[in-house]
Amino acid sequence: MNNFTLRLKRETYDNHTVLDTHIFVKSLYDECYNRNVEYYLELHYIILNELNVLINKKGRESFPNFFDYFDKEYIVYNGSDLKQHKSVKILLDKIIIDSDNSELFLCHLYIWWLGVLFGGQIIKKLINKNNNTLSNLTSVIFDFDCDSRELVREFRKHLNSTIVEEDKFIKNVNEVYLLIRDVFDELTDSNEPKADYIII
């Protein structure tokens, strides 16, 4: 069995940790209201909607059936000013460019979908606990009509059986992590120093 996803996790761990420990993400744990919680949800709606639009454009029939669990109405922030932030525009442009390459497009699905299915579940509970008026927004992003663990297994199996250019895929994931770091840097409402990048 191809263990590409194990290698992928290992070789992107440092840059992923930069995001997990970023001051923007840490601020989501604050029991007091802060604008970053809304930024976090808004960003996910924008990115997940863009991924969904591109999948529909490419044709859902060309993707595995389990992709349909992510076919949701991520349109609540379609008019968001967040799209005008330089770092967000760069990230969206990167997604659109990579969508022309099936393997590079999967990088973005890997980052955002597995992010929602893993760490995002913890953040969802924190947001709902501290901001009970946001539960409707979090449910669209984080809730699925299936066993999320099985969804993760299916996605990993798909990557293990699909990715041919492994080095290129890993390099791209690391690059995108750094673009997300730039988004967090721009959106943070803290004066803390920016996070250092690690590797590409």
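Computed from a predicted model, the values in this text were never measured in an experiment.

Colleague: Can you break down the overall build of the protein residue by residue, with the values?
Modeller: Each helix and strand counted, the protein has 10 helices and zero strands in total. Taking the principal axes of the C-alpha coordinates as reference, the protein spans close to 45 × 35 × 30 Å. Buried positions account for 50% of the 200 residues belonging to the protein. Contacts in the protein between residues at least 24 apart in sequence constitute 81% of all its contacts with a sequence separation of at least 6. Summing over all exposed atoms, the protein offers an accessible surface of approximately 10500 Å²; the carbon and sulfur share of this is 50%.

Colleague: Would you mind going over the confidence of the model for the protein in detail, with residue names and values included?
Modeller: Confidence in the prediction of the protein, expressed as mean pLDDT, is 90, and 92% of residues score 70 or more. For the stretch residues 190-194, pLDDT sits under 50, and the model shows three contacts to residues farther than four places along the chain or on other chains.

Colleague: Outline the layout of surface pockets, supporting the account with residue identities and numerical values.
Modeller: Put simply, the largest pocket is a space of about 850 Å³. Secondary-structure elements contributing two or more residues to the lining of the largest pocket are α1 (4-11), α2 (13-20), α4 (35-58), α6 (102-117), α7 (119-130), α9 (148-162) and α10 (166-187). At six residues, the largest contribution of residues to the lining of the largest pocket is made by α6. Each residue belonging to the lining of the largest pocket can be placed in one class, and the counts come to 19 nonpolar, 11 polar and three charged.

Colleague: Can you tell me about the packing of α1 against α10, naming the residues and giving the values?
Modeller: Angle between the axes and distance between the axes are the two parameters that describe a pair of packed helices. It is at 10 Å that the axes of α1 and α10 come closest, and there the two elements cross at 35°. Both α1 and α10 take part in a crossing whose hand is right-handed. Packed against α1, whose contacting residues are F4, R7, L8 and E11, the element α10 presents E166, D167, F169, I170, V173 and N174 at the interface. When its residues are assigned to classes, the contact of α1 with α10 shows five nonpolar, one polar and four charged.

Colleague: A description of the nonpolar core should follow, citing residues and the corresponding values.
Modeller: Within the largest apolar cluster, 63 residues are counted, with the highest numbers of intra-cluster contacts made by Y110 and F169. Not counting chain neighbours up to four residues away, the residues in contact with Y110 comprise L8, K9, T12, G115, F155, L159, F169, V173 and Y177.

Colleague: Describe the packing of aromatic side chains, naming the residues involved and giving the relevant values.
Modeller: With the rule as written, the count across this model stands at 14 aromatic pairs. Residues F66 and F155 carry aromatic rings whose centres are separated by 6.2 Å and whose planes lie at 85° to one another, so their mutual orientation is edge-to-face. Taken together, the residues span a long stretch of sequence, with F66 in the loop between α4 and α5 (86-98) and F155 in helix α9 at a distance of 89 residues. Judged by its relative accessible area of 2%, F155 falls in the buried class. Here the aromatic rings of F70 and W113 are separated by 3.8 Å at their centres, their planes lie at 0°, and the arrangement is stacked. Of this pair, F70 sits in the loop between α4 and α5 while W113 sits in helix α6, placing them 43 residues apart in sequence.

Colleague: Would you mind going over the pattern of salt bridges in detail, with residue names and values included?
Modeller: Two side chains of opposite charge can pair, provided their charged atoms sit close to one another. Applying the stated criterion across every chain yields a total of 15 salt bridges. Taking the shortest distance from any N to any O, the salt bridge between E11 and R7 comes out at 2.8 Å. Here E11 pairs with R7, and both are found in helix α1, just four residues apart, close to one helical turn. Note that E175 and K94 form a salt bridge whose closest N and O atoms lie 3.8 Å from each other. Here the residue E175 occupies a position in helix α10, and K94 occupies one in helix α5, the gap between them amounting to 81 residues. Relative accessible area serves as the criterion here: at 22%, E175 is assigned to the partly exposed category. Counted as one network, the salt bridges with shared partners bring together R7, E11, E166 and D167.

Colleague: Provide a residue-level description of α5, including the pertinent values.
Modeller: Compared with the 18 Å implied by 1.5 Å per residue over 13 residues, the 18 Å span of α5 between its first and last C-alpha is a close match. Looking only at α5, the buried set comprises S87, V88, L91, L92, K94, I95 and D98. Along the long axis of α5, the arc covered by the buried residues comes to 155°, so they all point the same way. For α5, the exposed residues lying more than 90 degrees away from the buried face are K86 and I97.

Calculation rules
Just so you know, the residues in each chain are numbered from 1, in the order the chain's sequence is written. Note on the predicted model: pLDDT of at least 70 is required for a residue's local features to be given, and 80 or more for side-chain atom pairs to be given and counted; whole-chain, interface and lining totals, by contrast, use all residues. Note that the side-chain values use all heavy atoms of the structure and ignore hydrogens as well as water. For helices the rule is a DSSP run of H or I covering at least 4 residues; for strands it is a run of E covering at least 2, with both sets numbered from the N terminus onward. Partly exposed residues are those whose accessible area sits between 20% and 50% of the maximum for their type, while under 20% is buried and over 50% is exposed, using a 1.4 Å probe and protein chains only. By definition in these notes, contact holds between two residues if any of their heavy atoms fall within 4.5 Å. Using a 1.4 Å probe, the Shrake-Rupley method yields the accessible areas, and only the shown protein chains count as cover for residues. Each residue carries a pLDDT score, the predictor's confidence in it, ranging from 0 to 100. Detection works on a 1 Å grid of protein atoms alone, calling trapped sets that fit a 1.4 Å probe cavities and calling open sets with protein on both sides within 12 Å along at least five of seven lines pockets, with lining residues defined by an atom within 4 Å of a point. Grid points are joined across faces, edges and corners, and a volume is the space filled by probe spheres set on the points. Classification convention: Asp, Glu, Lys, Arg as charged; Ala, Val, Leu, Ile, Met, Phe, Trp, Tyr, Cys, Pro as nonpolar; all other residues, Gly among them, as polar. Here an axis means a line fitted to C-alpha atoms, over the contact stretch when the element is a helix, while the angle between two N-to-C directions is reported on a 0 to 180 degree scale. Two helices cross in a left-handed way if the nearer one is turned anticlockwise from the farther one by less than a right angle. They cross in a right-handed way if the turn is clockwise. For the purposes of this section, nonpolar cores are sets of buried Ala, Val, Leu, Ile, Met, Phe, Trp, Tyr and Cys residues that join through side-chain atoms within 4.5 Å. Only Phe, Tyr and Trp rings take part, Trp by its six-membered ring, and two of them pair if their centres are within 6.5 Å. Stacked means planes under 30 degrees apart, edge-to-face means over 60, and tilted covers everything else. When a carboxyl oxygen of Asp or Glu lies within 4 Å of a side-chain nitrogen of Lys or Arg, that pair is called a salt bridge. By definition here, a helix of n residues has an expected span of 1.5 Å times n minus one. Note that the arc is computed from the directions linking the helix axis to the C-beta atoms.

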